[in-house]
2 protein chains.
Amino acid sequence: MFDIVIVGGGPGGLTAGIYAQRSRLKTLLIEKEMVGGQIAVSDVIENYPGFPSISGAGLMEKFEEHAKGLGLEIRLDEVQNIALDANVKVLKTTEGELRAKAVIIATGAKPRRLGVPGEKELTGKGVSYCATCDGPFFRGRNVMVVGGGDTAVKEAVYLSKLAAKVTLVHRRDGFRAERMHLERAEAAPNIEFVTNSVLKEIKAENGVVAKAVIENLKTSKAEEAPVEGVFIFVGINPTTDFVDVDKDAGGFIKTNQLMETSVAGIYAVGDCRTTPLLQVATAVGDGAIAAHAADGYIETFKER
Amino acid sequence: MFDIVIVGGGPGGLTAGIYAQRSRLKTLLIEKEMVGGQIAVSDVIENYPGFPSISGAGLMEKFEEHAKGLGLEIRLDEVQNIALDANVKVLKTTEGELRAKAVIIATGAKPRRLGVPGEKELTGKGVSYCATCDGPFFRGRNVMVVGGGDTAVKEAVYLSKLAAKVTLVHRRDGFRAERMHLERAEAAPNIEFVTNSVLKEIKAENGVVAKAVIENLKTSKAEEAPVEGVFIFVGINPTTDFVDVDKDAGGFIKTNQLMETSVAGIYAVGDCRTTPLLQVATAVGDGAIAAHAADGYIETFKER
C-alpha cells in the first residue's frame, strides 16, 4: 500500500511529490498524458517567482527533475475511479488497482468548448484551444480569438506575432484580463477588438476553417469574417469526474485551507479545486500544504 | 496615493510585488532591514520547486531581481502604525507618512525567546537564533541546540558539520520535525539527543557562554553541560503589532482564502498570518492571491 498516490503531474502534483519525498513517504505520482500539465503547453511564464521568463515546458522540466532527484516515482497511467475500502483509498486505473492511505488530486482543468456549429468537427482543422501548440500553423494568416480573460488576451498577443491579423471577439464590453496583457494587446497593431459579440458558427471550405459568423449582441446583426484559425479561450473544466467528493457548480473540488476535501485522506490542489487564482505560484503553495496535511493524516492512519 | 503598499520584503511580499507590477498598479514595497526576510539567513533551501538546492539568500536575490525587473520600487523604511482615514490606509513610517488604497502585510515572524536567565545578556556572546549567521564562530567547539521542530533539527544537522559536538535538547519525547531532517540528525555521529529536558539557565565565563543548565523533566535532575554556543529554535512570533486587524492567540493575522483580513483592503500573506505551513512555496501562493484580490478591490475603490 502506498502512503500517498498523487493524481496528476502539473505544478501542484509535482510540488506535493517533492514534499512527500522529503517526508519519506511511500509516494507514487500518476500522470495520464504528459508531466507538466496545462502549463507545459504555455509559451512563456513570467510570474513564477525566481524565473523572470521561462517556457512552461522548461519550468515543468525543472519541477520534474527536482521531484525525481528526490526519488519520486512517476508512472504513466490513468485513474478511472477512486473508491473507499473502509479508510483505504482504492484507485482503479487503466493498468490495474492501487491502494493508498492518502490521495492528492492534482488533475487540473481542461479548456471549455463553446458548443457552436462547426467547433467540434473542425477541431484540429483550424479550431484550437492552444495557441502555443497550433499558432505556428497560421503564420501570415487571419485568425480569431474568442474570450475576454487572461488567457484569451495573452494568447491573442502571442498570435499577433505570427498571424497577419487577430480578431479578438468578446461577448462583454470590458475585459477581465490582467491590465499588463491588455496593454500589450492594445499596443499590437494587428489586433482588432470586437466586443459585445459572440461567435455563432464556424464554416469550412475544403474541410478546413474558412469563415466565422459573429453576432453583435447589441445590434443582433450577424457578420461573416474570413479566418483560417479560431482559437477559443472561454474558461476551463476541471478533471474531477473520477472522484466522488464535494464539488462546486463548476465541478471544482471544494477544500478548506488544508486542502482537505469532504473525504478524510483525500486532498485537492491547484486548478481542479475551487481556488481564487489558477497560477503555478498558487498550485505550488497548495501542493506543499496538501503533502504536509497528508503526512499528518498518514502518521495516525490505522487500516480498519 | 499608492494603489498598494506592501509591508515586508520576504518571499510573500516580493511575490505580491511581482503580481502587482504585472497588474500595472502603483506599488511600493517597504522593508525595514534586509530584502529576503527570514529565509535569506537560511543556509540552504531544497523545497522551493524549480530549485533543487539553493541558499536562502541566493533564492531571495532571484526574487528581488524578478520584482525589480518588473519595476517594483523597494524602500528601506519601517512602518510603525497603520491607521484608517475613511477607507484610505495611512501608514506612519520612520520617514513620514504614506497613503494607500490597499495594504499587503508580509512582515513574517521572528524567533521566540525562551526567557531563561543568561539568554538575553548573552545573545551575541554565544546565544544565537541563527545557525547560518553564527555557526562558523563555533568551529570545533561544543554547542547546544534547543527545540524539537523542523528548524531545530535542521540547524542541528547544519551545526554538526562545524561544531565538535551538538547537544539537541527537547522538552518532549518525540520530535515534530520532517522525518528527512530527523534521519539526517540521527545519522550525524556528533549529535547527542537529550529529550524530556529543558534549558534552565545559561552561564558565562569571562562574558561569554560557558555552561548550560539542563533539567530532566522526568527525574527533575539538573545538570551542567560545558558549551560555548546555545542555539535556540523554539518557535516564532509574528511581526504584527503595528496593525489593528483580527489575530489569533499567537498574534498571527487571521485571513480567509483570499488573504483578506478583518479590514477591507488590508491583506496578510506568509508567516505573519495564520497559515498551516511556513514555507517559501506557501508564501508565494499567498502573495499572488493577495495581489490579485487587492487588484479587484482597487478597481472599485472610491475615496470617501
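Please read these numbers as outputs of a predicted model, since none were measured by experiment.

**Some words on unusual backbone geometry**
Residues and elements named next belong to chain A.
- The backbone of Arg24 sits at a positive phi, close to 60 degrees, despite the residue not being glycine.
- The backbone phi angle of Ser220 is positive, close to 60 degrees, even though this residue is not glycine.
- Residue Ser220 is classed as exposed on the basis of its relative accessible area, which comes to 52%.

**Here's the deal with the domain arrangement of chain A**
All names here are of chain A.
- Partitioning chain A into structural domains gives domain 1 (2–110 + 236–299) and domain 2 (113–232).
- Placing the centre of domain 1 and that of domain 2 at their C-alpha centroids yields a distance of 32 Å.
- At the junction of the two partners, domain 1 supplies six residues and domain 2 supplies seven residues.
- For the pair domain 1 and domain 2, the summed buried surface comes to about 470 Å²; carbon and sulfur atoms form 40% of the total.
- On the domain 1 side of the contact with domain 2, Val41, Asp43 and Glu46 bury the most area, a combined 67% of that side's loss.
- Our enumeration of links across domain 1 and domain 2 arrives at one salt bridge.
- A salt bridge links Glu46 to Arg184; its shortest N-O distance comes to 3.5 Å.
- Counting across the interface, domain 1 meets domain 2 through one residue pair in polar contact (both at pLDDT 80 or more).
- Here the residues of the side of domain 1 that touches domain 2 sort into two nonpolar, two polar and two charged.

**Some remarks on the interface of chain A and chain B**
- Of the residues lining the interface, 42 residues belong to chain A; the matching set on chain B comes to 42 residues.
- Taken together, the two surfaces of chain A and chain B that pack against each other cover about 3800 Å², and 57% of this comes from carbon and sulfur.
- Our enumeration of links across chain A and chain B arrives at 10 salt bridges.
- The shortest N-O distance in the salt bridge between Arg22(B) and Glu178(A) comes to 3.6 Å.
- Viewed at the interface, chain B and chain A are joined by 26 residue pairs in polar contact (both at pLDDT 80 or more).
- When contributions to the side of chain A that touches chain B are tallied by element, the ones reaching two or more residues are α1 (11–22), α2 (56–69), α5 (179–187) and α6 (280–299) of chain A.
- Taken together, the residues that form the side of chain A that touches chain B break down as 17 nonpolar, 15 polar and 10 charged.

**Structural notes on the relation of the copies chain A and chain B**
- Each copy of the sequence occupies a distinct position, and chain A is placed on chain B by a rotation of 180 degrees and an axial shift of 0.0 Å, giving an RMSD of 0.1 Å. A rotation of that kind, with that shift, is consistent with a two-fold axis. By C-alpha distance to the rotation axis, the residue of chain A lying nearest is Gly285(A), at 2.5 Å.
- A share of 100% of the interface residues of chain A reappears at the interface of chain B, consistent with the copies meeting face to face through the same patch.

**Overview of the pairing of strand β14 (residues 222–226) of chain A**
All names here are of chain A.
- Note: strand β13 (residues 208–216) against β14, five bridges, orientation antiparallel. From the neighbouring strand, Ile214 faces β14, where its bridge partner is Glu223.
- Hairpin geometry of β13 and β14 is characterised by an intervening segment of five residues between the two adjacent antiparallel strands and by a positive phi of about 60 degrees at Ser220.

**Regarding the pattern of salt bridges**
Residues and elements named next belong to chain A.
- Enumeration over the complete set of coordinates arrives at 38 salt bridges over all chains.
- Between Asp85 and Arg99 there is a salt bridge, with the nearest N and O atoms lying 3.1 Å from each other. In this pair, Asp85 is assigned in strand β4 (residues 79–85) and Arg99 in strand β6 (residues 96–105), connecting sequence segments 14 residues apart.
- Linking Glu224 and Lys211 is a salt bridge whose minimum nitrogen-to-oxygen distance equals 3.7 Å. Here Glu224 is found in strand β14, whereas its partner Lys211 is found in strand β13, with 13 residues between them in sequence.

**Considerations on the packing of α1(A) against α2(A)**
Residues and elements named next belong to chain A.
- Contact geometry of α1 with α2 gives a least axis separation of 9 Å together with a crossing angle of 25 degrees. Put simply, α1 runs roughly parallel to α2. In this structure, α1 crosses over α2, and the sense of that crossing is left-handed. The residues of α2 that touch α1, namely those facing Pro11, Leu14, Thr15 and Ile18, are Met60, Phe63, Glu64, His66 and Ala67.
- Here the contact of α1 with α2 is composed, by residue class, of six nonpolar, two polar and one charged.

**Remarks on the packing of aromatic side chains**
- The full count for this structure, using the stated rule, is 12 aromatic pairs over all chains.
- Arranged with centres 6.1 Å apart and planes meeting at 15 degrees, the rings of Tyr48(A) and Phe51(A) form a pair that is stacked. Like Phe51(A), Tyr48(A) is buried.
- Counting every residue linked through ring pairs, the aromatic cluster contains Tyr48(A), Phe51(A), Phe63(A), Tyr48(B), Phe51(B) and Phe63(B).
- A cation sits over an aromatic face here: Arg113(A) above Tyr129(A), 4.1 Å from the ring centre.

**Considerations on α5(A)**
- For α5(A), the complete set of buried residues consists of Met180(A), His181(A), Leu182(A) and Ala185(A).
- If you follow the buried residues of α5(A), they end up packed against α4 (150–160) and β11 (191–194) of chain A together with α1 (11–22) of chain B.

**Points about the sheet that holds strand β8 (residues 127–128) of chain B**
Residue and element names in this part refer to chain B.
- Strand order across the open sheet formed by five strands is β8-β15-β9-β10-β11, with parallel pairing between neighbours. Looking at the sheet topology across the chains shown, the edges are occupied by β8 and β11 (191–194).
- For strand β9 (residues 142–146) and strand β15 (residues 229–232), the ladder comprises four bridges, and the chain directions are parallel. Residue pairing for β15: Val145 is matched across the bridge by Phe231.
- Strands in contact with helix α4 (residues 150–160) are β9, β10 (165–169), β11 and β15; relative to β10, the strand with the most contacts, it is inclined by about 170 degrees.

**Observations regarding the sheet that holds β14(A)**
All names here are of chain A.
- Reading across the sheet, the three strands line up as β12-β13-β14 and stay open at both edges, with antiparallel pairing between neighbours. Edge positions in the open sheet fall to β12 (197–205) and β14, since each of these has one partner strand only. Within this sheet the neighbouring strands show an average axis-to-axis angle of 25 degrees, counted without direction.

**Brief notes about the packing of α1(B) against helix α6 (residues 280–299) of chain B**
Residues and elements named next belong to chain B.
- In the contact formed by α1 and α6, the axes pass within 7 Å of each other and the chain directions differ by 35 degrees. Considering the relative orientation of α1 and α6, their crossing is right-handed. For the pair α1 and α6, the contacting residues are Pro11, Gly12, Thr15, Ala16, Tyr19 and Ala20 in the first and Val280, Ala283, Val284, Gly287, Ala288 and Ala291 in the second.
- Looking at the contact of α1 with α6 residue by residue, the class counts come to nine nonpolar, three polar and no charged.

The rules behind each value
Residues numbered from 1 in each chain as written. Chains lettered and ligands numbered in written order. Predicted model: local features only at pLDDT ≥ 70, side-chain atom pairs only at ≥ 80, totals over all residues. Heavy atoms only, no water. Buried < 20%, exposed > 50% of the residue type's maximum accessible area, 1.4 Å probe, protein only. Domains from an automatic or database assignment. Contact = heavy atoms within 4.5 Å. Buried area = accessible area lost by both parts, 1.4 Å probe. Salt bridge = Lys/Arg side-chain N within 4 Å of Asp/Glu carboxyl O. Polar contact = N/O pair within 3.5 Å; in protein donor to acceptor, adjacent residues only side chain to side chain. Nonpolar A, V, L, I, M, F, W, Y, C, P; charged D, E, K, R; others polar. Helix = DSSP H or I, 4+ residues; strand = E, 2+ residues; numbered from the N terminus. Least-squares fit on C-alpha atoms with pLDDT ≥ 70 in both. Pairing = 2+ DSSP bridges. Axes fitted to C-alpha atoms, helices over the stretch in contact; angles between N-to-C directions. Parallel < 35°, antiparallel > 145°, perpendicular 65-115°, else oblique. Left-handed = near helix turned anticlockwise from the far one by under 90°. Phe/Tyr/Trp six-rings, centres within 6.5 Å; stacked < 30°, edge-to-face > 60°. Lys NZ or Arg CZ within 6 Å of the ring centre and 35° of its normal.

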